[in-house]
Amino acid sequence: MLPTHEDLAGKTAVVTGGSGVLCQVMAKELARQGMKVAILNRNVEKGQKVADEIKEQGGMAIAVSCDVLNEENVKEAYEVVKQELGECDLLINGAGGNHPDAITDKEIFEAGDIENTSLKSFFDLQLSGFDHVFRLNLIGSLIPTQVFAKKMTEYGGNIINISSMAAPAPMTKVPAYSAAKAGIDNLTKWLSVHFADAGIRINAIAPGFFLTEQNRGLLLDEDGSLSERAEKIINHTPQGRFGKPEDLLGTLLWLADDNMSGFVTGITVPVDGGFMAYSGV
Ligand code: NAD
């Protein structure tokens, strides 16, 4: 059981993508700490399920239908949150993901790949796939920040973005996702500088490799055994395992609590079992 952070109780947290695998665990922990939590998701039924689970445990939560790429939609969600829970103190930009049209089949290009019509090489990637991934991961964090941070400029606030191990060094096969998450690290720094005087802290968490719906197809073979890629990841993770969503919670609470990290802004914290530290040799 994680320690109680009294500073968080009674404050309002907004979690985009809050019904996703990683962010629903964050939302539940923030509610357990006494925060009022708004789950913002395109699919409000999924969000409602998480909100109901929080309420069953005695917490306070609402689910709000919201596409983070639709500015009007996010503004409407802001109004709902303000009315039902009060102004947002903590925004977690959790909505993110990948797209098949922005993923190459092979890690390294080889002669003959262009002629091989059954293979999706770099040259077969669709701009629409790139556009989707850039928009979802980068613009999908920018729009909620614009909408929810406006009021924070009056009384301070806290924003946590979700980066990835694909940001510091790009991962093979996923060029758009890697570039978009590198953009998140960069934007996190920019925002932290821009809003330092306004009392808004902006940091990011970079999860290592967690087995979730988003990457299940890449990490597990059809029979449920580890794919070649998953073996590679485990071999490159000194702690020798995938992360569990709960592994993120200590860092989340540390960054969320002004008493703990009040002088910390503009950083991306890896929670990766040592993946980033390891050169592979
Ligand atoms: P997930 O797919 O379970 O959750 C993503 C959530 O975002 C889903 O609830 C989805 O409905 C929501 N979403 C997608 N598009 C949206 C939109 N336009 N508007 C509103 N909501 C939208 O994925 P996850 O693995 O829990 O990932 C959460 C975050 O962590 C993402 O930013 C992801 O890139 C990042 N991440 C995941 C891993 C991992 O190993 N799973 C590693 C590093 C970073």
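Note that the structure is predicted; figures quoted are calculated from it, not measured.

Among the secondary structure elements, Ala206 is positioned in strand 6 (residues 200-207). In sequence terms Ala206 and Gln239 are 33 residues apart; their C-alpha atoms lie 16 Å from each other. Apart from residues no more than four positions distant in its own chain, Ala206 is found in contact with Ser163, Ser164, Met165, Thr268, Val269, Pro270 and Val271.

The nonpolar side chains of a soluble globular protein tend to be buried, and buried together. Grouped together as the largest cluster of nonpolar side chains are 33 residues, with contacts concentrated most on Met26, Leu30, Val37, Leu90, Ile92 and Leu252. It is helix 1 (residues 21-32) that provides the largest number of residues to this core, a total of seven residues. Judged by nonpolar contacts, the second largest core, of 24 residues, contains Leu85, Ile143, Phe195 and Ile200.

It is worth spelling out helix 2 (residues 44-56) at this point. With 13 residues, helix 2 ought to run about 18 Å at 1.5 Å a step, and its terminal C-alpha atoms sit 18 Å apart, in line with that. Within helix 2, burial applies to Gly47, Val50, Ala51 and Ile54. Buried residues of helix 2, seen end-on, are gathered within an arc of 100 degrees and therefore sit on one face of the element. Relative to its buried face, helix 2 has exposed residues pointing more than 90 degrees away, namely Glu45, Lys46, Lys49 and Glu56. For helix 2, the secondary structure elements touched by its buried residues are helix 1, strand 2 (36-41) and strand 3 (60-65). In this structure Asn43 caps helix 2, since a side-chain oxygen of it lies 3.1 Å from the backbone nitrogen of Glu45.

Calculation criteria
Residues numbered from 1 in each chain as written. Predicted model: local features only at pLDDT ≥ 70, side-chain atom pairs only at ≥ 80, totals over all residues. Heavy atoms only, no water. Helix = DSSP H or I, 4+ residues; strand = E, 2+ residues; numbered from the N terminus. Contact = heavy atoms within 4.5 Å. Core = buried A, V, L, I, M, F, W, Y, C linked by side-chain atoms within 4.5 Å. Buried < 20%, exposed > 50% of the residue type's maximum accessible area, 1.4 Å probe, protein only. Expected span 1.5 Å × (residues − 1). Arc of directions from axis to C-beta. Polar contact = N/O pair within 3.5 Å; in protein donor to acceptor, adjacent residues only side chain to side chain.

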